[in-house]
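# Architecture and fold: a report
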Amino acid sequence: MKLALSLVLPAALLVGCNRTDTHSEARLNTMASELADMHEHNLDLTGEMVKLKDEVALLRARNATLQADNERQPALDTSQVNAMQAEITALTTRVSALEKQIASQASAGTSKPEIAEPTPAEDTPKPDAAAADRQYETLWPLVKSGDKKAMNELSELANGSSKEFRDRVIKQARDWVKDEPENKQARLTLASLLVSRFQDLRSEPMKQGALAGEIVTEIDKALTIDPDYYEARHFLAIMKANYPTFAPEFKTANIDLDKALEMQAQMPWEDIFCEIYAAYSMWFRKQGKLDEALAKVNAGLEKSSQDAGLLAEKEAVLAAQSPQGD
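Residues numbered from 1 in each chain as written. Predicted model: local features only at pLDDT ≥ 70, side-chain atom pairs only at ≥ 80, totals over all residues. Heavy atoms only, no water.

### Considerations on the overall build of the protein chain
What the protein chain contains, in helices and strands, is 13 helices and zero strands. Secondary structure of the protein chain in N-to-C order comes out as α-α-α-α-α-α-α-α-α-α-α-α-α. Residues classed as buried in the protein chain amount to 40% of the 326 residues present. Long-range pairs, those at least 24 residues apart, make up 65% of the contacts in the protein chain between residues at least 6 apart in sequence. (Helix = DSSP H or I, 4+ residues; strand = E, 2+ residues; numbered from the N terminus. Buried < 20%, exposed > 50% of the residue type's maximum accessible area, 1.4 Å probe, protein only. Contact = heavy atoms within 4.5 Å.)

Listed below in structure tokens is the structure:
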């Protein structure tokens with residue numbers, strides 16, 4: 001079973017990482033990142049706990065079988081089982097504490113004690129249905145022509161619009177894939193738009209997992225059509241790096257990250273390439289490999305020294321290296 005249930009934050013996977021944030025946006029992004037990290041750690045601990053429980057159950061079952069069959073093999077050392085049970089109890093306590101911490105952080109984010117409420121003039125409302133439709137009509141022909149900027153804009157529009165709007169544009173993309181199944185751009189467009197669907201499934205983790213699987217399937221098909229399709233490789237690498245650390249997709253993300261870097265070396269530099277360096281650093285950081293993480297983020301900064309995403313990632317690595325980050 002694929003463990004893709006924590007994939008709830010990649011709504012901006014294809015958005016450039018070099019935008020300039022206001023102080024309020026930066027603070028909100030920091031809080032959101034911290035909350036996501038805590039939630040991910042919670043999932044890691046829960047996964048460990050489930051595996052331990054399964055192992056204990058198997059060991060107890062084996063012990064019972066041996067005793068029932070009167071085999072001469074010595075019974076399972078109960079101290080081993082008891083030690084595992086104690087570890088399960090400890091993990092359960094840690095998970096409970098993390099859940100309380102997550103709830104507290106979420107509450108703090110809601111109250112925003114350090115962030116002034118924006119005035120109506122500063123607040124950016126979601127586009128109304130008519131405006132979104134007009135923008136879509138302009139963007140769709142450009143997307144079909146292969147315009148990467150238009151595809152990113154359409155993804156952002158879908159993320160910020162209504163569910164009804166997302167339903168329409170996703171259906172349009174599905175129809176495009178159905179009409180042109182060997183069109184790599186159609187596959188990537190559908191995958192990109194499907195990412196916007198996570199926000200509609202916040203309380204349905206099983207459906208989130210199925211959605212993540214569908215997105216990966218579309219990207220895999222795009223890469224089957226064209227193994228050198230950089231945009232699809234970029235998308236897949238960053239998506240895998242955002243999986244929880246116990247997921248098989250996360251464990252093999254370095255393969256796609258390495259491939260993306262190899263492909264970049266054969267292409268003119270684009271600012272969006274820095275996302276791969278930042279994602280690679282994050283991949284190492286999430287595993288506690290901080291020296292490797294720092295090397296990756298520094299390699300990216302050699303290419304783009306003022307990139308906001310890389311600078312933020314380097315700050316996260318340095319914080320993790322400090323005693324306060326332990």
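### So, the packing of aromatic side chains
For the coordinates displayed, the defined rule picks out 10 aromatic pairs. Relative to Trp140, the ring of Tyr136 has its centre 5.7 Å away and its plane inclined at 35°; by these criteria the two rings are tilted. With Tyr136 and Trp140 both in helix H3 (residues 129-144), this residue pair falls four residues apart, about one helical turn. For the residue pair Tyr136 and Trp140, the accessibility class agrees, reading buried in each case. Plain terms: the ring middles of Tyr280 and Trp283 are 5.9 Å apart, the flat faces sit at 70° to each other, and that makes the pair edge-to-face. Within this pair, Tyr280 and its partner Trp283 are both found in helix H11 (residues 274-285), separated by three residues, close to a single helical turn. When its relative accessible area of 6% is taken as the criterion, Trp283 is described as buried. The ring of Tyr229 carries the charged tip of Lys184 above its face, separated from the ring centre by 4.6 Å. Taking the ring centre of Tyr280 as reference, the NZ or CZ of Lys296 above it sits at 4.3 Å. (Phe/Tyr/Trp six-rings, centres within 6.5 Å; stacked < 30°, edge-to-face > 60°. Lys NZ or Arg CZ within 6 Å of the ring centre and 35° of its normal.)

### With respect to the pattern of salt bridges
Taken as a whole, this structure holds 15 salt bridges when the rule is applied. Of the charged contacts in the structure, one is a salt bridge between Arg197 and Asp200, with a shortest N-O distance of 2.7 Å. Accessibility expressed as a relative area gives 13% for Arg197, which makes it buried. The exposure class of Asp200 is partly exposed, given its relative accessible area of 21%. A salt bridge links Glu313 to Arg285, with the shortest nitrogen-to-oxygen separation between them at 2.9 Å. With a gap of 28 residues between them, Glu313 in helix H13 (residues 308-321) and Arg285 in helix H11 connect regions that are remote in the sequence. You'll find Glu313 and Arg285 in the same group, each marked buried. Salt bridges linked by common partners bring Lys163, Arg166, Asp167, Arg197 and Asp200 together as one network. (Salt bridge = Lys/Arg side-chain N within 4 Å of Asp/Glu carboxyl O.)

### A few points about the nonpolar core
Of all hydrophobic cores here, the largest spans 65 residues; its most connected members are Leu154, Ile215, Ile219, Phe235, Leu257 and Ile276. Among the elements that make up this core, the one with the highest residue count is H11 (nine residues). In this view, Ile219 contacts Leu188, Ala191, Ala232, Phe235 and Leu236; residues no more than four positions away in its chain are not counted. (Core = buried A, V, L, I, M, F, W, Y, C linked by side-chain atoms within 4.5 Å.)

### Points about helix H5 (residues 163-179)
Over its 17 residues, H5 extends 24 Å from the first C-alpha to the last, a length consistent with the 24 Å expected when each residue adds 1.5 Å. Along H5, the residues classified as buried are Phe165, Arg166, Val169, Ile170, Ala173, Trp176 and Val177. The buried residues of H5 occupy an angular sector of 120° when the element is viewed end-on, so they sit on one face. In H5, the exposed positions that point more than 90 degrees away from the buried face belong to Lys171, Lys178 and Asp179. For H5, the secondary structure elements touched by its buried residues are H3, helix H4 (148-160), helix H6 (184-195) and helix H7 (205-225). (Expected span 1.5 Å × (residues − 1). Arc of directions from axis to C-beta.)

### Things to note about the packing of H4 against H6
The geometry of H4 relative to H6 is characterised by a closest axis approach of 9 Å and an angle of 30° between their N-to-C directions. In terms of orientation, H4 and H6 fall into the roughly parallel class. Judged by the twist between their axes, the crossing of H4 over H6 is right-handed. Of H6, the residues touching H4 (which contributes Met151, Leu154, Ser155 and Ala158) are Gln185, Leu188, Thr189, Ser192 and Leu193. (Axes fitted to C-alpha atoms, helices over the stretch in contact; angles between N-to-C directions. Parallel < 35°, antiparallel > 145°, perpendicular 65-115°, else oblique. Left-handed = near helix turned anticlockwise from the far one by under 90°.)

### A few points about H13
With 14 residues, H13 ought to run about 20 Å at 1.5 Å a step, and its terminal C-alpha atoms sit 20 Å apart, in line with that. Buried within H13 we find Leu310, Glu313 and Val317. In an axial view of H13, the angular spread of the buried residues amounts to 65°, which keeps them on one side of the axis. Where H13 is buried, its residues touch H11 and helix H12 (290-303). Where H13 begins, the side chain of Asp307 points an oxygen toward the backbone nitrogen of Gly309, at a separation of 3.0 Å. (Polar contact = N/O pair within 3.5 Å; in protein donor to acceptor, adjacent residues only side chain to side chain.)

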